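Per-entry structural report
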Amino acid sequence: MSLSLVQAWNTARKRLQDAGLAGPVIDARLLVEAAAEATRADIVADPHRALTADQAELLENYLARREAREPVSQILGRKGFWKIMLAVNENVLTPRPDTETVVEFVLRDFPPHAAWRVLDLGVGSGAILLSILAERPAARGLGVDLSEEALAVARDNAANLGLAQRCALLRGDWATGLGDAEFDLVVANPPYIASAVIETLEPEVKRYEPRLALDGGPDGLDAYRILAPEILRVLKPGGRFAVEIGYDQKAAVEALFRAAGAENVTTLTDLANHDRVVAGAKKPLETIG
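Now for a look at the structure at hand. (Residues numbered from 1 in each chain as written. Predicted model: local features only at pLDDT ≥ 70, side-chain atom pairs only at ≥ 80, totals over all residues. Heavy atoms only, no water.)

1. Let's talk about the nonpolar core
Of all hydrophobic cores here, the largest spans 32 residues; its most connected members are Leu119, Leu121, Val186, Ile231, Phe241, Val243 and Phe257. When residues of this core are traced back to their parent elements, those giving at least two are β3 (117–121), β4 (140–145), β6 (183–188), α10 (222–234), β7 (235–244) and α11 (250–259). With seven residues, α10 is the single largest residue contributor to this core. Within the second largest apolar cluster, 31 residues are counted, among which are Leu130, Ala139, Cys167 and Val187. (Core = buried A, V, L, I, M, F, W, Y, C linked by side-chain atoms within 4.5 Å. Buried < 20%, exposed > 50% of the residue type's maximum accessible area, 1.4 Å probe, protein only. Helix = DSSP H or I, 4+ residues; strand = E, 2+ residues; numbered from the N terminus.)

See the structure below:
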């Protein structure tokens, strides 16, 4: 006997709930929609539509993987972020709503038609950089990452979004090799989790996401110690920066950027009211007269 859409959704929801997973309702819907090639509207308007045998088999595969704590984003190979859809896999962090705080802040102060040069250090899937470029058609960007596998994901995303002509992607170690005063804006979501904490994280993170993008060293601040002076070096006078931080790292990261010479250093909170983004600027050139 074949499953209908509503039966498939109810069965999937119960299985994920019984497995103790957070968000079983949303996860079940996403997996059913993908397996059955259906939309949310289909489930409401045509709930008794039957899944084919192949669709039911695919749904079973999806559910077994989710019960094993594989993230939905990796099961489906995609994740929505800001206003774009990104391909993701095990080589990149799954983009999170918290990180949209970086994009929201940048766009607030980014003139719509400014031909800015944007640098994203640790570009990963391209989530931050591509979201900015999609909103600012005169801007051009460079994304740098140490992982060639992550860069391959970012290249695919840039191409799929029609942004490849305005986006260069380079394998590198943060800003090493980049010239001084080249960029109007620098963004980054560096690894900021203390090494000892990683094993305490949810399986979806510690098993399935790249350690390179998570591990911030003994105190979680290793990347910021490198980034603060390097970001100030590659920014043009008056240029801006915005970097994601852990919820308890505001004071330490602000101090690192102030010590590097940044001005107007401030911290923004995310939708959960957690400290999430340290932002600031490089001192502008002095005017005479």
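Let us keep going from here.
2. What to know about the sheet that holds β4
Pairing within the open sheet is mixed, and its seven strands lie in the order β5-β4-β3-β6-β7-β9-β8. Each of the sheet's edge strands pairs with one partner strand only, and the pair in question is β5 (167–171) and β8 (263–269). On average, each strand axis in the sheet is tilted by 15° relative to the strand beside it, whichever way the strands run. In this sheet, strand β9 (residues 275–281) lies alongside β8 in antiparallel orientation, the contact comprising five bridges. (Pairing = 2+ DSSP bridges. Axes fitted to C-alpha atoms, helices over the stretch in contact; angles between N-to-C directions.)

3. Let's talk about the packing of helix α1 (residues 5–18) against helix α2 (residues 24–36)
Close contact between α1 and α2 brings their axes to 8 Å; oriented N to C, the two are set at 135°. Here α2 runs oblique to α1, going by the angle between their axes. Note that α1 runs across α2; the crossing there is right-handed. Residue-level inspection shows Leu5, Ala8, Trp9, Ala12, Arg13, Leu16 and Gln17 of α1 in contact with α2, the latter providing Pro24, Val25, Asp27, Ala28, Arg29, Leu31, Val32 and Ala36. Looking at the contact of α1 with α2 residue by residue, the class counts come to 11 nonpolar, one polar and three charged. (Parallel < 35°, antiparallel > 145°, perpendicular 65-115°, else oblique. Left-handed = near helix turned anticlockwise from the far one by under 90°. Contact = heavy atoms within 4.5 Å. Nonpolar A, V, L, I, M, F, W, Y, C, P; charged D, E, K, R; others polar.)

4. Some remarks on the pairing of β9
Counting buried positions along β9 yields six of seven residues, so the element is predominantly enclosed. Where β7 and β9 come together, five bridges link them in antiparallel fashion. Across the sheet, residue alanine 242 finds its bridge partner in β9, namely alanine 279. Counting the residues in the hairpin turn of β8 and β9 gives five residues, including asparagine 273, whose phi is positive at 65°.

5. Describing the packing of aromatic side chains
Tallied over the full model, the rule gives two aromatic pairs. Taking 4.4 Å as the distance between ring centres and 25° as the angle between the ring planes, the aromatic pair formed by phenylalanine 110 and tryptophan 116 counts as stacked. The exposure class of phenylalanine 110 is buried, given its relative accessible area of 1%. Taking the centre distance of 4.4 Å and the plane angle of 15° together, the rings of phenylalanine 241 and phenylalanine 257 count as stacked. Of this pair, phenylalanine 241 sits in strand β7 while phenylalanine 257 sits in helix α11, and the two are 16 residues apart along the sequence. With respect to burial, phenylalanine 241 and phenylalanine 257 carry one shared label: buried. (Phe/Tyr/Trp six-rings, centres within 6.5 Å; stacked < 30°, edge-to-face > 60°.)

6. Regarding the packing of α10 against α11
Closest axis-to-axis distance for the α10/α11 pair is 8 Å, and the angle between their directions is 35°. In the packing of α10 onto α11, the handedness of the crossing is right-handed. Across the interface between the two elements, Tyr224, Arg225, Ala228, Ile231 and Leu232 from α10 touch Val253, Leu256 and Phe257 from α11. Of the residues in the contact of α10 with α11, the class split is seven nonpolar, no polar and one charged.

7. Comments concerning the environment of valine 277
The residue valine 277 is located in strand β9 in this model. Under the relative-accessibility criterion, valine 277 is labelled buried at 0%. Put simply, valine 277 and valine 102 are 175 residues apart on the chain and 6.4 Å apart in space, counted from C-alpha to C-alpha. Not counting the four nearest positions on each side in its chain, valine 277 is found in contact with Thr101, Val102, Ala242, Val243, Glu244, Ile245, Thr266, Thr267 and Leu268.

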